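What follows is the residue order along each chain.
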Amino acid sequence: MTERLRFYQTGSFAVRNRLLPVVDASVQSDPGRANAITSGHRACQGCGEALGARYALDAAMRASGGRMVAVNATGCLEVFSTPYPETSWQIPWMHSLFGNAAAVASGVAAALRVTGRDDVRVVAQAGDGGTVDIGLGPLSGMFERNDDVLFICYDNEAYMNTGVQRSGATPPAARTMTTPAVGPHPGAPFGQGKDLPRIAMAHEIPYVATATVADLRDLEDKVTTAMSIRGARYLHVLVPCPLGWGSASRDTVRVARLATESGLFPVFEAHDGEVTSVTPIRRRVPVEDYLRIQKRYAHLFGEPPATGVIAHIQATADRNIRRYRIEEAPV
Amino acid sequence: MREQIEGSQAVARTVAACRPQVVCAYPISPQTHIVETLSRLVMSQQLGGCEYLNVDSEFAAMSAAIGASAAGARTYTATASQGLLYMVEAVYNASGLGLPIVMTVANRAIGAPINIWNDHSDAMSQRDSGWIQMYAEDNQHAVDLHVMAYRLAEEVSLPVMVCMDGFILTHAVEEVDLPEQTQVDAFLPPFEPRQILDPDDPVSIGAMVGPEAFLEVRYLAHQRQMQALETIPRIAAEFAAATGRQRDGLVTPYRLEDADVAVVALGSVLGTLKDAVDALRVRGVNAGVLGITSFRPFPLAAVRAALGSVGRIVVLEKTLAVGIGGVLSSNIRTAMADTGTPTTTVIAGLGGRPILQASLEQMIVDAHRGRSADLSFLDLNTGLVERELARTRASRRSGPAAENMLRDAMADAVPESGARG
Ligand SMILES: Cc1ncc(C[n+]2csc(CCOP(=O)(O)OP(=O)(O)O)c2C)c(N)n1
Ligand code: SF4
Ligand SMILES: [Mg+2]
């Protein structure tokens, strides 16, 4: 049995807005929520991944009526949640390897189906490295077979567990330990990297969505939508990493919000390969507001500032806004 | 039921009789006929209650098998050669997690140079992976081993690799007595895992283990294989009772009682070896053969007992540990360390090179006379090798040896065949 939630874990963000009807309240504000990943794990203070995983899995637990199995790739989430002999997981949970979470999940789903337990749902989760790089082959296979798995990528834009190295999801100009802020073109190169939500959409799987830890109700809603569908589903969640990004622990939600409000991280949903909804940007901000509060971009703001590079990043944000039509028309 | 049947199909039908619930595989010669047959059995609903997953790689095949097994399904996959290497990380993971997956390895060489033919380099590369490894001598043996493999795997909570020589066995059509479904059902109870991924009893599987307990975890993995040394003969005896087919389980001695020379080997070459021994005994050379069925766990005591009285040992290997020589022979030397029995290694049959009975007879006669080198290569074309060595000496910048030698071999063949003018 899962341990009953203790109130201090819910935190101020989780407390229900009493003006809302109970049905509209967040999963987190429900003291009876699953508490899939309980307190005491070893994530850094302000870890976006820990926050995102808690909201996502509790929502998935509610949507599945508590009938769920989670498969985890190697990475921060796995390491900080299961330092032997302890575990934060109060749900059936399995870790196998770094690059195989999707395939393991496919196997779990097949076993559940064939043993007549397909009321039990399968969620696989991985960091960006375990998703866009080393795990891409098995993930693409799981998508293409339309296996009944929800795959959640917690994107903190680098290999954090091994000490912040560049991944295929590291954005241009960001410094990591393998794209250091040195030389004529400091930080990660432009013109590289993968856009996994679009790659997922190209598989025409039933559901693809993006979300961030800045809008946790939206994250819960998308998990709930995903869990209402059978087949391969993909959720890409932006989860700032204070350690790797050089942002303040208290700023995790703020950084995520600036990523969306600048247009750098478009938030949308797609059904069967077509974008069906976007989260509009209410108050558009220049990318500089987002970049400035992260030390991984500090080299852009020296004397003189790298205005060309910042403009290049701004152009990416502008393109996202055009592509997904996410700027709300001024009223 | 006795049938003239291809080895692969016999194995596939036997695996089906074991009622696997999830089969996941990626095609590679010479394993393909096994998984093709299984997919046909699943799709035609002759094998009910089974999912066949067409995965994107061997790494995914073994990973899906891990997930399926951890969720409580009896699981099967098959591979060979490059495919086995491609899944290695998951191979170790499956045994580390104690998942009773059964995998057929249709033994094939490893490239470069790419080669689809038989030797044991693939499975031997996984000798320390924590999997139990059984080697089949013929297709009947392969069939029987698969049924026993599931019993064993699920009893000792370890994955089992059943190794059968690619093409030589997988593609050979011969008479095989396929176990009846009723026999298999009576011998192999349904899979009842100790713990599975289950919302009613949530567990964390595959957690991180640090220096505090890692040694102990590995020690227990070793102990489980040691236990298997006792379990295997018992299961083989039960199998004999169920099917009437006698199986030793660990090793298969042949005419060793009074042998002066013993040849130790694995797999299908044992048949040729026995013919060679029979022929030599007529000529007064007292030779015998020891077939190793269980290579992991390695039956040190059974080997010692079987080889105790022989004067000389030749270990015939279809694999080469580059830089030292034999793999099986170092295991045999460990078993025989106290006896001081002279032991030599012969590497043969790499990449599908035929192992001729005449060559084996000569090898045994040489050993009998105490004339064998510590390490030798059966039927090595020394001319080819010498020419390549000379070329290498002449220039620091030689091309790839394989291509050079193949060209030389072709050139040598021309005058003989007269095929080219
Ligand atoms: C095959 C393999 N290669 C490399 C590693 C080392 N490794 C472990 S976690 C990790 C980084 C994980 O990055 P990501 O998936 O983005 O997750 P994060 O830690 O950032 O959440 C790496 C490189 C490994 N465990 N296995
Ligand atoms: S390094 Fe980043 S992702 Fe990892 S635990 Fe710390 S904050 Fe979370
Ligand atoms: Mg990451």
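A brief structural summary. (Residues numbered from 1 in each chain as written. Chains lettered and ligands numbered in written order. Predicted model: local features only at pLDDT ≥ 70, side-chain atom pairs only at ≥ 80, totals over all residues. Heavy atoms only, no water.)

Some words on the coordination of the magnesium ion (ligand 3)
All names here are of chain A.
Piece 1. Around the magnesium ion (ligand 3), the protein contributes the donor atoms Asp128 (OD), Asn156 (OD1) and Ala158 (O), at 2.0 to 2.1 Å from the metal centre.
Piece 2. Spacing between the donor residues of the magnesium ion (ligand 3) along their common chain follows D-x27-N-x1-A. Exposure class is identical for Asn156 and Ala158. Each is buried. (Donors = N, O, S within 2.8 Å, 3.2 Å for Na, K, Ca; no water. Buried < 20%, exposed > 50% of the residue type's maximum accessible area, 1.4 Å probe, protein only.)

With respect to the packing of helix H11 (residues 300-307) of chain B against helix H12 (residues 328-335) of chain B
Residues and elements named next belong to chain B.
Piece 1. For the pair H11 and H12, the least separation of the axes is 9 Å and the interaxial angle reads 75°. Here H12 runs roughly perpendicular to H11, going by the angle between their axes. Facing H11, whose interface residues are Leu300, Val303, Arg304 and Leu307, H12 presents Asn331, Ile332, Thr334 and Ala335.
Piece 2. Considered class by class, the residues forming the contact of H11 with H12 number five nonpolar, two polar and one charged. (Axes fitted to C-alpha atoms, helices over the stretch in contact; angles between N-to-C directions. Helix = DSSP H or I, 4+ residues; strand = E, 2+ residues; numbered from the N terminus. Parallel < 35°, antiparallel > 145°, perpendicular 65-115°, else oblique. Contact = heavy atoms within 4.5 Å. Nonpolar A, V, L, I, M, F, W, Y, C, P; charged D, E, K, R; others polar.)

Examining the site of ligand 2
Piece 1. Residues in contact with ligand 2, as listed here, are Ala43, Cys44, Cys47, Cys76, Phe80, Asn156, Cys241, Pro242 and Leu243 of chain A.
Piece 2. Among the secondary structure elements, those contributing two or more residues to the shell around ligand 2 are helix H3 (76-81) and helix H9 (242-245) of chain A. (Near = heavy atom within 4 Å.)

Remarks on the site of ligand 1
Piece 1. Around ligand 1 sit 17 residues, and of these Glu49, Cys76, Gly129, Gly130 and Met160 of chain A come closest.
Piece 2. With respect to ligand 1, the chains having nearby residues are chains A and B.
Piece 3. A distance of 2.8 Å separates an oxygen atom of ligand 1 from a polar atom in the backbone of Gly130 of chain A.
Piece 4. Between Ala158 of chain A and ligand 1, the recorded distance is 3.0 Å, taken from a backbone N or O atom to an oxygen atom.
Piece 5. Contact with the protein chains removes 77% of the 590 Å² of surface that ligand 1 exposes when unbound.
Piece 6. Broken down by element, the residue count for the shell around ligand 1 peaks at three residues, all from helix H5 (residues 128-133) of chain A.
Piece 7. The class makeup of the residues in the shell around ligand 1 is six nonpolar, eight polar and three charged. (Polar contact = N/O pair within 3.5 Å; in protein donor to acceptor, adjacent residues only side chain to side chain. Areas by Shrake-Rupley, 256 points an atom, 1.4 Å probe, with all protein chains shown as cover.)

Quick notes on the sheet that holds strand E13 (residues 294-296) of chain B
Residues and elements named next belong to chain B.
Piece 1. Pairing in this open sheet of seven strands is mixed, and the strands run E3-E2-E4-E5-E7-E6-E13 from one edge to the other. At either margin of the open sheet sits one strand with a lone partner, and together these are strand E3 (51-54) and E13. Shown here is a sheet whose adjacent strand axes are inclined to one another by a mean of 20°, direction ignored.
Piece 2. Sheet topology places strand E6 (residues 132-135) next to E13; two bridges connect them, and they run antiparallel. Each residue of the ladder has a partner; that of Met134, found in E13, is Ser294.
Piece 3. The strands that helix H3 (residues 58-70) touches are strand E2 (22-25), E3, strand E4 (75-79) and strand E5 (102-107); relative to E4, the one it contacts most, it runs at about 165°. (Pairing = 2+ DSSP bridges.)

With respect to the sheet that holds strand E2 (residues 93-95) of chain A
Piece 1. Here we have nine strands laid out as an open sheet, ordered E8(A)-E7(A)-E5(A)-E6(A)-E4(A)-E3(A)-E1(A)-E2(A)-E9(B), and mixed in their pairing. Either end of the sheet is taken by a strand with one partner, and the two such strands are strand E8 (274-278) of chain A together with strand E9 (204-205) of chain B.
Piece 2. Taken together, the three bridges between strand E5 (residues 207-212) of chain A and strand E7 (residues 268-271) of chain A define a ladder with antiparallel strand orientation. Along E7 of chain A, the bridge assignment pairs Tyr207 of chain A with His271 of chain A.
Piece 3. Lying over the sheet, helix H2 (residues 48-63) of chain A contacts strand E1 (68-72), strand E3 (121-127) and strand E4 (150-155) of chain A, oriented at roughly 160° with respect to E4 of chain A.

A closer look at the interface of chain A and chain B
Piece 1. Contact residues are listed per partner, giving 39 residues for chain A and 39 residues for chain B.
Piece 2. In total, chain A and chain B occlude about 2,900 Å² of area from one another, counting both sides; carbon and sulfur atoms represent 64% of this.
Piece 3. Broken down residue by residue, the surface that chain A buries against chain B is led by Tyr84, Met94 and Val114 of chain A, which jointly contribute 19%.
Piece 4. Taken together, the links from chain A to chain B amount to three salt bridges.
Piece 5. Elements with a minimum of two residues in the side of chain A that touches chain B: E1, H3, E2, helix H4 (101-114) and helix H6 (136-145) of chain A.
Piece 6. A per-class count over the side of chain A that touches chain B returns 20 nonpolar, 13 polar and six charged.
Piece 7. Two elements, E2 of chain A and E9 of chain B, share two bridges in a ladder whose sense is parallel. What sits directly across from Met94 of chain A, in E9 of chain B, is Ile205 of chain B. (Buried area = accessible area lost by both parts, 1.4 Å probe. Salt bridge = Lys/Arg side-chain N within 4 Å of Asp/Glu carboxyl O.)

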